[in-house]
Structures are given as structure tokens and as C-alpha cells.
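Spelled out from the first residue to the last, the chains are:
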Amino acid sequence: MTTLLNIRALYVNISLSAGMLHAVRDVSFHVERGETLCLVGESGCGKSLTALAVMDILPSRSVRWAEQITLEGQDLQNLKDRHMSDLRGSRMAMIFQEPMTSLNPCYTIGNQLEETLRRHRSASRREARDRAVFLLEKVGITAAGTRLKQYPHQLSGGLRQRVMIAMSLMCGPALIIADEPTTALDVTIQAQILSLLSSLQKEFGMGMIFITHDLGIVARIATRVAVMYCGMVVETGVVGEIFHSPLHPYTQGLLACLPVPGKTRPGEHLGSIPGMVPTPIGDFSGCMFRNRCSHAMEECCHESIELYRVSVERAYRCLLSKETCLANHMTQKD
Amino acid sequence: MSQPIPEIVYPSPRQIMIRRTLTHKGFLIGAIMLLLISAAALLAPVLSPYDPYNQDLSRRMINPVWHENGSWEHPLGTDNLGRDYLSRLMYGARISLLLGGCAMLISGVIGTSLGIAAGYFGGRVDMVVGFLITARLSMPVVLVALAVVALIGSSLNVIIWVLGLLIWDRFAVVMRASTQQLREMDYVNAAKAIGCSTLRVLVSEILPNVFNNLIVVATLEIAHAILLEAALSFLGMGVQPPLPSWGLMVAEGKEFMLFSPWVIFIPGTVLSLLVLAINLMGDGIRDITAPEGRS
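Residues numbered from 1 in each chain as written. Chains lettered and ligands numbered in written order. Predicted model: local features only at pLDDT ≥ 70, side-chain atom pairs only at ≥ 80, totals over all residues.

> Describe the overall build of chain A, naming the residues involved and giving the relevant values.
In terms of helices and strands, chain A carries 12 helices and 12 strands. Rg of the C-alpha trace for chain A: 21 Å, near the compact-globule value of 20 Å for 334 residues, within the 12% margin. The buried share of chain A, reckoned over its 334 residues, is 43%. Long-range contacts, defined here as pairs at least 24 residues apart, represent 65% of the contacts in chain A between residues at least 6 apart. (Helix = DSSP H or I, 4+ residues; strand = E, 2+ residues; numbered from the N terminus. Rg over C-alpha atoms; globule rule 2.2 N^0.38 Å. Buried ≥ 20, exposed ≤ 12 C-beta atoms within 10 Å, placed from the backbone. Contact = placed C-beta atoms within 7 Å.)

What follows is the structure, given as C-alpha cells:
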């Protein structure tokens, strides 16, 4: 079987009055059926733009370029707008961060759910309704029949996010892109939504791109992880390896920020990464992390740093050798 | 033993709407006034006691019923050509409402499409529309209308089109601002993400959400158009005699103002009542339909 989603060398540029903002640079990843790829990184590192670029619904003034974007073997770059919108919602669907604003307040839940199906399939109102009820029950909403007649403002945030999930599943997509779907929810609801997502994913065999900045969620839901920094993927690998032996100094820094149960003592300071994220406007070269990195060398300023592939799934973007990186991680741990 | 929990019954959206409508005083007052005026206008051929064009020089300048010498034969008196004032007033309401409604529709279509396009697409489109709005705002409406009407002659049709083409600016400004807010909403993105075309996003996602603003502007613009028509007619460049327009009635009466002030007072009052009614209703509709006040 072909890879579900394959992205090679994706770039997104936004022209601002201050200059060209290189929001996403040289991002490559692939997603297989039934697995979850987590895009991790701090705010503004280009996670969401990457997702929007895959869906081709970038905001105006931003330009997408890529060597390759294929969904189920189909090239998405040379697709006509009309064909692209046929794919959106039917083969790939998106769940947004803010459940309070991602449903249109003017229409009932049922109306919005059915619209998705009726847009893509010649389904009758009846079939669309049945599918909507079925999915609402699947995502754990009781009394689905009456919920269909309600407006978004009558639902709580958690319920709305469930409706959004149901909406994204209406046409049975092969790929789901979830852009921080739990950030706006409280922790208990967050846990419910996460387990709901992963069980649905297993049931329907979908691939999922899960965007988050919460490493706790990553550990729980991810199959593979891509850590992003300043528009670039700095490290990618299977979730266990990333957490157990992070290679890139940024990933190591991120993990040092987390408290470890049983090891971090009360009152002890958690790690932090000094400095601020630079804004990638205009021309620049070298490693973007160098001014915050404790292992920065002179070469970091000049060379453009390639993704160094360790194994099939593992790669990192640093000049240091794998052994040095691992050694750094060991000393940091102790 | 546990009591059975009583089921909570939510009122249906329609019930909520009706309740909110009936508790909004301004809306009710405006709606009733507008209803009365519209009924008088629509049923003018049936209700009016006389033919509004029928002159009778032997019965000129009869006082209305509340004056001495007034009689119920002509409840609001007659004008200087002996035409029944009440009948002319009722037929005049037709002109005002027709003109206000049509001019609003024309300007609404122009302004809304420009405004939504500018707000949604931004960039160059926004710049062009911004220029058009500024150009339009720099033209004094009455002056331009007077000039155009003087050039191509005045008839009801011409006035409707001239006003319609001149007063779309408020539509465009308001629609542009509201669309800019909505454009950033996730549900617009979500609509794109389920494969809606741009036109579909504009028509079925943006338009319903700006609709309550649209209605408020529309009612204001009806009132605006009616007032402009009255002003133009007063200046002799609007509806031409013998058509019974309220502005024209004021103009025709201004010579007799000193001794019979009611010839101006009556059409003037009705005009301001109509404008007040429309504005009250517009505000009311906004309050009733605003999504933040539902539930």
C-alpha cells in the first residue's frame, strides 16, 4: 500500500511589510494509515501553518511550495482548486483548536454535520441525518437526535469539540489533521477527547497528524514525533526513542522542562531554555537554535544544517554527532 | 427512594424568538407604526376618501377637522388646488415606501457585495473598494443627485436609481468591517476544510452571520432614502407634480405656511413618524436576532 501522506521539502512564506517571513522551511514527513504523527513545538514554530498548507487553506499573502505533497499517492500540488476542495472534508479532514468559534453560530449542529456529507456525496437528507446521529453517538454524545436541532451556543466546549470530531468523520476521511484540539478544554475533558480520538482512529484506520505543544499528550497519543523549531523539523523519530534518548539540544531542553514523577523533588527548579525564539524574517543562515544552545559552535552560524538521518525513522538537524548528543543528554539527566 | 428527575424542557428557537419580539417595546412600537402606514399606503385606493388628483377650486384650503371651519368631509383639509389632503397623504406613503425600499435594495446589493468582497479577500480588492468608498463619501449626495436629476430629467425611476447608486457607502463600510472579523473565525476555515468553494463560504458562512448588521443598515438606509427623496422633491428636483409625494406637499405648502401651518405640519409629522418607526424597528430587529442574546 502507498504511504497515506507524504510531504517532502515543504516551504511556506508569508510576505509582510517587514520582509519575507519564512514560516515553514524544508519540512518533510510522512504519515501511514493508522498511525499518529505528532507535530510538537512552541507557539509560532509553524505547526499550524504546516497543517493548513497540507489542506491548502493557508491565509492570504502566504505562499506554499513543496517538492512533493501526495495523499494516497495523488499529487496535491498540481490539483485544480475544484478537485482540491473535493478532497477536503472527504479524504482529509481537520479539527480546529477553538471549539467555541469553529462552529457557525447561524446553523444547527445537524445542519452543519449534514452539509459535509451532502457536499461530497449525493446523499439524501435522510442518509445524512442517520450518519450524523450515528457519529454523534460514536463520539459519545447522548440524545443525538435532539442535539442535531440545537445551535452551537447551546453546547459546552467539550461537546462542541466532539461535534467537530464527528463532523470531520462524516465522509470517512483517510487523514485527520487535529490542530491542538484539546488546548481550549479543561484537563478531564482533554483526557476524554484524546482517548476518543485514538479509539476512533483505530476503529476507522485513519492516519492522524496531531499538533500540540504539550509533551504529555505526545507521550500518550503519538506513534511518531516531529519536533519543530522556528519553521523547521529539528528532530523526528518514534515516540519512545524521542523521549528516551533525545538527540537535538532543543528536544533535550524541552524534555528537561518536564517534571519527572518520582525523580523531581518538590521545590526543585525545572529546566528552562534561555532566550527567545528568533523571528525568521529576511535572509539568514545556520542553525536557528544556536543563540539559545549551550553547545553552539562557530560553525553553527555559517553552514546550513541538513537533517542528519540516523535510521529510517530517526533524524535530527544538528552538527554534533549522535554520540556527543547522547552524552550531552546523559550529563544533563544527572 | 429517589425521585424521578423532571425533564428539562427547552423552548424551541421559534418560541424564544417570539418571546423576545413581544418583550421588545421599541420594536413593537416601530412595527405597529410601520404596519399602519404601510396598510394605509397599500389600501390607499380602497381607504382614501377622494381621488388624490381631483382638483376642486371651489373647495381650496379647507382647514382640517380640529380647526374652526374644519369638517369631517375633509378630515385633514384640502390644499390650494382643492385636493383632499388625507388622500394625497395616503398615496404619498406609497411613493415614500416604494422609493425607500427600492433604493435600499439597489444600494444594499452594491454595498454588501463590495463590502463582503473587500473584507474577505483583503489586499488589492480591499484597496480598490476602499478607494470607491472614499470617492463616494467625497461626493455630497444631495448635490450629485440634484445635478444628475437636472441632467437626465426626474421621474420616480430615475430618483430610485440615483439614490440607490449613491447611498451604498454605509452598507459597504459596515459589511467590510464585519466580514473582516468573521474571516478569521475558525468556522470559516472549517468550511474551507470540508471543501466549500469561496462563493459558498461567502454566501452560506459569512452572509448569514453579517445579516443582523445588514438589516440594521438596511432600515437606516430606507429612512435615509425617504428623507433624501423628500428633500429632493422639496427642492423641485424629485418626484414631479401632480404625484403626491410628502416632500412635494411640503414644498407646495410653503407659501401658505404663515396662515395655514398644517399644510407643512401634517406631511412633516408623518414623514418623521415613518422614519422613526423604521429606525425603531431596525434597532429592535438587531436586538432580537443578535446571537449573543439567544437562549
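The structure having been displayed, the exposition proceeds.
> Go over helix 2 (residues 25-42) of chain B, please, and point to the residues and values.
Given a rise of 1.5 Å per residue, 18 residues ought to cover 26 Å, and the 25 Å separating the end C-alpha atoms of helix 2 of chain B matches this to within 8%. For helix 2 of chain B, every residue scored as buried is listed here: Phe-27, Gly-30, Leu-34, Ile-37, Ala-40 and Ala-41 of chain B. (Expected span 1.5 Å × (residues − 1).)

> Describe the pairing of strand 9 (residues 224-229) of chain A, with residues and values.
Every regular strand shows the same layout, with side chains that alternate between the two sheet faces. Residue and element names in this part refer to chain A. In terms of residue burial, strand 9 counts as a mostly covered element, since 6 of its 6 residues are buried. Alternating residues of strand 9 divide into Arg-224, Ala-226 and Met-228 and Val-225, Val-227 and Tyr-229, and every residue in both groups is buried. In this structure, strand 3 (residues 36-40) lies alongside strand 9, joined through 4 bridges in parallel fashion. Counterpart to Cys-38 in the pairing with strand 9 is Val-225. In terms of strand pairing, strand 9 meets strand 10 (residues 232-238) through 6 bridges, oriented antiparallel. (Pairing = 2+ DSSP bridges.)

> Quick one: what's the story with the confidence of the model for chain B, residue by residue and with numbers?
Scored by pLDDT, chain B has a mean of 84; 95% of the residues are at 70 or more. The ipTM, which scores confidence in the relative placement of chains, is 0.72 for this predicted complex, and the corresponding pTM is 0.76. (pLDDT = per-residue confidence, 0-100.)

> I'd love a proper account of the nonpolar core, names of residues and values included.
In this structure, Leu-175, Ile-177, Met-228 and Tyr-229 of chain A together with Leu-163 of chain B are the most contacted members of the largest nonpolar core, which totals 172 residues. With 16 residues, the single largest contributor to this core is helix 4 (residues 85-121) of chain B. Those residues in contact with Met-228 of chain A that lie beyond four places of it in its chain are Leu-39, Val-40, Gly-41, Cys-45, Gly-46, Lys-47, Val-233 and Val-234 of chain A. (Core = buried A, V, L, I, M, F, W, Y, C linked by C-beta atoms within 7 Å.)

> Outline the interface of chain A and chain B, supporting the account with residue identities and numerical values.
When the parts of a complex come together, some accessible area is lost, and that lost area is often taken as the interface size. Each partner contributes to the interface: chain A provides 23 residues, whereas chain B provides 19 residues. Where the side of chain A that touches chain B is concerned, the elements lending two or more residues are helix 2 (81-87), strand 6 (92-95) and helix 3 (109-120) of chain A. Broken down by element, the side of chain A that touches chain B gets its largest block of residues, 3 residues, from helix 3 of chain A. In the side of chain A that touches chain B, the residues fall into 8 nonpolar, 11 polar and 4 charged. (Nonpolar A, V, L, I, M, F, W, Y, C, P; charged D, E, K, R; others polar.)

> Describe the environment of Ser-260 of chain B, with residues and values.
All names here are of chain B. Mapping Ser-260 onto the fold places it in the loop between helix 11 (246-253) and helix 12 (262-289). A tally of 19 C-beta atoms within 10 Å means that Ser-260 is categorised as partly exposed. Taking the C-alpha atoms as reference, Ser-260 lies 12 Å from Leu-76; in sequence the two are 184 residues apart.

> Give a detailed account of the packing of helix 11 of chain B against helix 12 of chain B, specifying residues and quantitative values.
Residue and element names in this part refer to chain B. Two elements in contact, helix 11 and helix 12, have axes separated by 8 Å at closest approach and are oriented at 160°. In terms of their interaxial angle, helix 11 and helix 12 are classed as roughly antiparallel. In this structure, the crossing between helix 11 and helix 12 has a hand that is left-handed. Mapping the contact onto sequence places Trp-246, Met-249, Val-250 and Gly-253 in helix 11 and Val-263, Ile-264, Pro-267, Gly-268, Val-270 and Leu-271 in helix 12. Considered class by class, the residues forming the contact of helix 11 with helix 12 number 8 nonpolar, 2 polar and no charged. (Axes fitted to C-alpha atoms, helices over the stretch in contact; angles between N-to-C directions. Parallel < 35°, antiparallel > 145°, perpendicular 65-115°, else oblique. Left-handed = near helix turned anticlockwise from the far one by under 90°.)

> So what's going on with the environment of Val-187 of chain A? Residues and values would help.
Residue and element names in this part refer to chain A. Inspection of the secondary structure puts Val-187 in helix 7 (residues 187-204). On the basis of neighbour count, Val-187 is assigned to the exposed category, with 9 C-beta atoms found within 10 Å. Separated by 125 residues in the primary sequence, Val-187 and Val-312 have C-alpha atoms spaced 35 Å apart.

> Any details on the pairing of strand 4 (residues 62-71) of chain A? Residues and values, ideally.
Residues and elements named next belong to chain A. Relative to strand 4, strand 1 (residues 5-16) is paired through 9 bridges, and the arrangement is antiparallel. Along strand 4, the bridge assignment pairs Leu-10 with Ala-66. Taken together, the 2 bridges between strand 4 and strand 5 (residues 74-75) define a ladder with antiparallel strand orientation. In the strand pairing of strand 5, Leu-71 is matched with Gln-74. The loop that links strand 4 with its antiparallel partner strand 5 comprises 2 residues; one of these, Glu-72, has a positive phi angle of about 50°.

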